[in-house]
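Fold and geometry: a report
So the chains spell out like this:
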Amino acid sequence: MSTKLNTIEVKDIIIAHQMLKDVVVKTPLQKDSILSERYQCNVYLKREDLQVVRSFKIRGAYNFMQSLTDEELKNGVVCASAGNHAQGVAYSCKALGVKGRVFMPATTPRQKVDRVAFFGGPFIEIVLTGDTFDDSYKDAIAFCDANDMAFIHPFDDYRTITGQGTIGLEVLEEIDEPISHVFMGVGGGGLVSGVGSYIKNISPATQVIGVEPEGAPGMKLSLEHNQVYPLEKIDKFVDGASVKQVGNLTFEIGKEVIDDIVIVPEGKISTTLVDLYNENAIVAEPAGALPVSALDFYKDQIKGKNIVCIISGGNNDIDRMQEIKERSLIYEGFKHYFIVNFPQRAGALREFMEDVLGETDDITRFEYTKKNNRDKGPVLVGIELKDKTDYEPLIDRMNKKGFAYIEINKDQDLFNLLI
C-alpha cells in the first residue's frame, strides 16, 4: 500500500513487526473500567510499560540495529538517550552480540542507569554527560564521528520510527470496534510518527492526538511555526519526553499524521501518576502518564467513544515519588508555600499556629531563612490543606492578623529557588 508523502510505508511497519515478533512482547490492550467510567467512554490502555525493557523504545532500537550490515555491527554502535532508548539499545546489543556505547544525561534517574547496565551487561559502556538529552546527544555524535560507528537515533530515523509504528499495528489487530482517538506522548516525535502513519493509513477516521508536557512543547511550537522550532530551555521532569528539538523527519511526518497536540502541566501529569498507581496499580513514568493526563482536556470530544492511550513506559524511580506527590498536591491546590515575616511581638508564632492555621491545616515545612538571626528573619512555611477551598480563609486570617507574606506558588522563579 502506498502512503502519502512524508509518512512511513505500511509495508515497512509490517516487515518490522515480523522482525520484532520474537524479540519484543506483544503488550496487552486493556480496557480500563475506572477511566472508562470517569470519562463516560471506552478507554483502552496499550501497556508498553509491560514491555521487556518496560518501554516501547526497544521496538525502534532493535529494528534499527538489525538493519545494519555485518561490518557496521562489528564496528559497534552509539546512542544518546534519557533512559528508555538506552535500555532498548543495551538489550539489542546483548541480543545481537554487538558492542555499544550509551550516552545519557547526568540527571538520568539512577533506576534507569542501573537498568541499562543490567540489560547490556558486558556489551555496553555507559557515559553520563550533560544535563539534558540534547547535551548527551552532542557528545554521542562527536564520539560516533571520531570512531566511525553507527549512531542509533532514538527518534529521527526511518528505521526507528518504523519499529515504533508496530504499536499501531498491534492496537488495530487487538480491537474490533472503530477507534475514535489515539493519545500518545511526544518527545522527539518517533512514537507519534510511526503509530500515526500506520493508524492514518489503515483507519483514517481515527484522530491521532499527541501529548506534550508544558515544559517541553517542541512539536506543538514546531507545527505552529511550520518548521522545527528549538526550545531554549525545558523542564526535565518528564525526562522521557523532554527534548529541546524534535526531529526533522518526525516533524515532516507529524505535519501529515497529527490531528492535535495537547499540552499538559507537569503537576497534572504528577496527579495522573499517583492516580494510575492508587487506582489501577500501574507504575507509569511521567512520559507514560502523558496520554491519560490529556483526557481531562478532551472529555467532551471522547464521550461515548472508543479511545486508546499508549502507556509508553514504566521506568520510574521510587526515589522520585515524593517529588511527584509534591507536584500533584501543589497543582491540585492542596499545598502552598509562603515566606512569612512574623510580627516582632511576643507570642507571634503561637498566634500563627492557633489563629491563622485552620483546624485541618498541616505545616509540612518550617524553615528560618536566616540561621543566625531567627528573631527577625523571614520564615519559609509549607502548608498542606485537607480541602483546597480552605486556601482563601487561610489568606484572610493571615491578612487580619497582620502577617506579611509572599505566596511562593505564584512566583515561579522564587519557587524554583526555594522549593
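Before reading on, note that the structure itself is shown above.
Worth saying up front: this structure is predicted, and the values here are computed from it rather than measured. Going along each chain's sequence as written, the residues are numbered from 1 onward. It should be noted that, the model being predicted, local features are given only for residues of pLDDT at least 70 and side-chain atom pairs only at 80 or more, the latter also being counted only at that level, while totals for whole chains, interfaces and linings use all residues. Processing note: side-chain calculations cover all non-hydrogen atoms of the structure and skip hydrogens and water entirely.

Moving on, we get to the overall build of the protein chain. In this description a helix means any DSSP run of H or I spanning at least four residues, a strand means any run of E spanning at least two, and both kinds are numbered starting from the N terminus. Regarding its fold elements, the protein chain presents 18 helices and 14 strands. Each radius of gyration is computed over the set of C-alpha atoms, and the globule rule expresses the reference value as 2.2 Å times the number of residues to the power 0.38. Against the compact-globule benchmark of 22 Å for 419 residues, the protein chain has a radius of gyration of 24 Å, which places it among compact chains. When checking whether two residues touch, look at their non-hydrogen atoms; a contact exists if any pair is within 4.5 Å. Of all intrachain contacts in the protein chain linking residues separated by at least 6 positions in sequence, the fraction that spans at least 24 positions is 74%. Per element, the accessible surface of the protein chain, about 18,300 Å² overall, is 48% carbon and sulfur. A residue counts as positive if it is Lys or Arg and as negative if it is Asp or Glu; His and the chain ends are not included. Where a charge sits is defined by one atom per residue type, namely NZ (Lys), CZ (Arg), CG (Asp) or CD (Glu). Both charge centroids of the protein chain, one from 47 positive and one from 62 negative side chains, sit 3 Å from each other. Computed with a 1.4 Å probe, the accessible areas rest on the Shrake-Rupley method; for each residue, only the protein chains presented here act as cover.

Time to look at the sheet that holds strand β10 (residues 306-311). Backbone hydrogen bonds are what pair the strands of a sheet, in a parallel or an antiparallel way. Whether two strands pair comes down to DSSP finding at least two bridges between them. Strand order in the open sheet formed by six strands is β1-β2-β10-β7-β8-β9, and the pairing between neighbours is mixed. This sheet does not close on itself; its edge strands, each paired only once, are β1 (29-31) and β9 (260-264). Within the sheet, the average angular offset between the axes of one strand and its neighbour, ignoring direction, is 25°. Note: strand β2 (residues 42-47) against β10, six bridges, orientation parallel. The partner of N42 across the bridge, within β10, is N306. For every element, the axis is a line fit to its C-alpha atoms; helices are fit only across the contacting stretch, and the angle between N-to-C directions ranges from 0 to 180 degrees. Docked against the sheet, helix α8 (residues 158-174) engages β1, β2 and β10, running at close to 135° with respect to β2.

A separate point is empty space enclosed by the protein. Lining residues are those with an atom within 4 Å of a point, where the points come from a 1 Å grid over the protein atoms alone and group into cavities, where a 1.4 Å probe fits but cannot get out, or pockets, open sets with protein on both sides within 12 Å along at least five of seven lines. Grid points are joined across faces, edges and corners, and a volume is the space filled by probe spheres set on the points. According to the stated counting rule, one finds one cavity of 30 Å³ or more in the structure shown. In terms of lining residues, the largest cavity is bounded by 28 residues, among which F56, K57, G187, G240 and A241 are the most central. When contributions to the lining of the largest cavity are tallied by element, the ones reaching two or more residues are α5 (84-96), α9 (190-202) and α13 (286-293).

So, on to the layout of surface pockets. If you add up the space inside the largest pocket, you get close to 790 Å³. Forming the boundary of the largest pocket are 24 residues, of which D235, R327, Q412, F415 and N416 lie nearest the centre. Of all the secondary-structure elements, those providing two or more residues to the lining of the largest pocket are α12 (266-280), α15 (321-332), β11 (335-341) and α18 (412-418). In terms of residue count, α15 provides more of the lining of the largest pocket than any other element does, five residues in total. Classes in brief: Ala, Val, Leu, Ile, Met, Phe, Trp, Tyr, Cys and Pro nonpolar; Asp, Glu, Lys and Arg charged; the others, Gly included, polar. Among the residues making up the lining of the largest pocket, the classes are represented as seven nonpolar, seven polar and ten charged.

Let us now look at a negative patch on the surface. Patch definition: residues above 30% relative accessible area lacking any salt bridge, with like charges linked at up to 9 Å and the nonpolar side chains Val, Leu, Ile, Met, Phe, Trp and Tyr linked at up to 5 Å. A pairing counts as a salt bridge when a side-chain nitrogen of Lys or Arg comes within 4 Å of a carboxyl oxygen of Asp or Glu. A cluster of acidic side chains, namely D70, E71, E72, D145 and D148, defines a negative patch on the protein surface. It is helix α4 (residues 70-75) that provides the largest number of residues to the negative patch, a total of three residues. Take D70: it is sitting in helix α4. In this structure D70 comes out as exposed when scored by relative accessible area, which is 67%. Three labels apply to residues, based on accessible area from a 1.4 Å probe with only protein chains included: buried if under 20% of the type maximum, exposed if over 50%, partly exposed otherwise in between.

Moving on: the environment of V262. Following the sequence through the fold, V262 ends up in strand β9. Exposure remark for V262: the relative accessible area of 7% places this residue in the buried category. A C-alpha to C-alpha distance of 13 Å links V262 and A241, two positions 21 residues apart in sequence.

This paragraph deals with the environment of D355. Here D355 lies in helix α16 (residues 348-356). Classification of D355 by relative accessible area gives partly exposed; the value is 35%. Beyond its immediate stretch of four places on either side in the chain, D355 contacts R397 and K401.

Looking now at the side chain of K57. Considering the arrangement of structural elements, one finds K57 in helix α3 (residues 57-66). Buried charge K57 goes without a salt bridge, the closest partner of opposite sign being E285 at 9.3 Å. Once residues lying within four places of it in the same chain are set aside, the contact partners of K57 are N84, H85, P154 and Q164.

The subject of this paragraph is the pattern of salt bridges. If the charged atoms of two oppositely charged side chains come close together, the side chains can form a pair. Within the structure shown, the criterion is met by 27 salt bridges. For R38, the salt bridge goes to E279, with nearest N and O atoms at 2.8 Å. One end of the pair, R38, is in helix α2 (residues 33-39); the other, E279, is in helix α12, with 241 residues separating them in the sequence. Note that D355 is salt-bridged to K401, the shortest N-O span being 3.7 Å. Separated by 46 residues along the polypeptide, D355 in helix α16 and K401 in the loop between α17 (391-400) and β14 (404-407) bring together distant segments of the chain. Note on K401: relative accessible area 32%, which makes it partly exposed.

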